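# Chain and residue survey
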Amino acid sequence: MSTKPSPAVYRRRRIVALLLLVAVIALIWWGASAIIGLFAADKPDAAPATNPPTAPATTPEAGKTTTPGDTSQPQTPAEPQPCKPEDITVTAATDARSYGPDARPKLSFSIENTGANKCTFNVGTAVQQFRITSGSDQIWASTDCQKNPENQQVLLEPGRKFESPQLEWVRERSTPDTCEAERPAAVGGDSYYHLKVTVNGAESEPVMFVLE
């Protein structure tokens, strides 16, 4: 004759069966996660696309560092402007203070920029005049019979001088209408003369010399 299990035994059996079911479900979930993890490990992660940082570019012409999108341009140095009359000093010169009967004076001039900035100045024969006087009498001028006058622009640095070539005076008087005629000689015998030079509107102080 069989004995029927008590209600407590049934409860214990149901609890054991439930625990076994939970354990089976946990094993199935763990196995599935492990398999998915193996497949995921074989596939490389997709990283978001990013642009590499761009290094600043240096322009070789001006040594200026710019960044992409920078539309600024290197500053171009300003062109030198014409010299102001008040910044120009012209100095007349002779190669001696006294000349014997056969010596010919050599005349020249220098130009100095006394301003603070470099500038351009026309020193050509088209804008220069050597003039020799004795008292109020004009003896000779380089422009009386000048041929092929030329312009010559020079760049004058502050404090620097431009030296002209020497011009020889043959000790004759001149006028614009004696270009082809014989000219009278300038008076010697310890006579005093003055040289004054004008260049592009700037005039020198007179320089005295003597013809023996």
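Residues numbered from 1 in each chain as written. Predicted model: local features only at pLDDT ≥ 70, side-chain atom pairs only at ≥ 80, totals over all residues. Heavy atoms only, no water.

Counting through the fold element by element, Val199 comes out in strand E13 (residues 191-199). Owing to a relative accessible area of 0%, Val199 belongs among the buried residues under this scheme. With 71 residues separating them along the chain, Val199 and Gln128 place their C-alpha atoms 4.3 Å apart. The residues contacting Val199, other than those within four sequence positions of it, are Val90, Phe109, Ile111, Phe121, Asn122, Val123, Val127 and Gln128. (Helix = DSSP H or I, 4+ residues; strand = E, 2+ residues; numbered from the N terminus. Buried < 20%, exposed > 50% of the residue type's maximum accessible area, 1.4 Å probe, protein only. Contact = heavy atoms within 4.5 Å.)

Turning next to unusual backbone geometry. Its identity is not glycine, yet Asn148 carries a phi of approximately 55°, on the positive side. Inspection of the secondary structure assignment puts Asn148 in the loop between strand E9 (137-141) and strand E10 (153-156). Overall, Asn148 belongs to the exposed group, its relative accessible area being 68%. If you check the backbone angles, Asn200 has positive phi at about 50° while not being a glycine. Within the element layout of this structure, Asn200 appears in the loop between E13 and strand E14 (202-203). Overall, the relative accessible area of 36% leaves Asn200 in the partly exposed class.

Quick look at the pattern of salt bridges now. This model, assessed by the stated rule, comprises 4 salt bridges. Between Arg104 and Glu168 there is a salt bridge, and its shortest N-O distance comes to 3.3 Å. Residue Arg104 is located in the loop between strand E5 (98-99) and strand E6 (106-113), and its partner Glu168 is located in strand E12 (residues 167-168); the two are separated by 64 residues in the primary sequence. Since its relative accessible area comes to 42%, Arg104 is described here as partly exposed. Take Glu168: its relative accessible area is 38%, and that puts it in the partly exposed class. Across the pair Arg131 and Glu203 runs a salt bridge whose closest N-O atoms are separated by 3.4 Å. Residue Arg131 is found in strand E8 (residues 128-134), and its partner Glu203 is found in strand E14; the two are separated by 72 residues along the sequence. A single network of salt bridges, built from pairs that share partners, joins Arg104, Lys106 and Glu168. (Salt bridge = Lys/Arg side-chain N within 4 Å of Asp/Glu carboxyl O.)

Attention now goes to the confidence of the model for the protein. Low pLDDT means the predicted atomic positions in that stretch should not be read closely. A residue-level look at the protein finds 75% of positions with pLDDT of 70 or above and a mean pLDDT of 83. Low pLDDT, under 50, characterises residues 57-68; the predicted model gives this stretch 15 contacts beyond four residues in sequence or across chains. (pLDDT = per-residue confidence, 0-100.)

What follows concerns the side chain of Ser204. Residue position: Ser204 is located in the loop between E14 and strand E15 (207-211). In this structure, Ser204 is in contact with Val90, Thr91, Ala92, Lys196 and Val197, ignoring residues within four places of it in sequence.

A few words now on the sheet that holds strand E7 (residues 119-122). The 3 strands are arranged E3-E7-E10 in an open sheet whose pairing can be described as mixed. Strands with a single pairing partner mark the edges of an open sheet, and in this sheet they are strand E3 (81-82) and E10. Examined bridge by bridge, E7 and E10 share 4 bridges and lie antiparallel to one another. Considered in E10, the bridge of Cys119 is made with Leu156. (Pairing = 2+ DSSP bridges.)

When its volume is computed, the largest pocket comes out at roughly 470 Å³. In this structure, the largest pocket is lined by 23 residues; those nearest its centre are Phe130, Trp140, Ser142, Gln146 and Leu167. Where the lining of the largest pocket is concerned, the elements lending two or more residues are E8, E9 and E12. Of the residues assigned to the lining of the largest pocket, the class counts are 10 nonpolar, 9 polar and 4 charged. (1 Å grid on protein atoms, 1.4 Å probe; cavity = no way out; pocket = protein on both sides within 12 Å on 5 of 7 lines; lining within 4 Å. Points joined across faces, edges and corners; volume = space filled by probe spheres on them. Nonpolar A, V, L, I, M, F, W, Y, C, P; charged D, E, K, R; others polar.)

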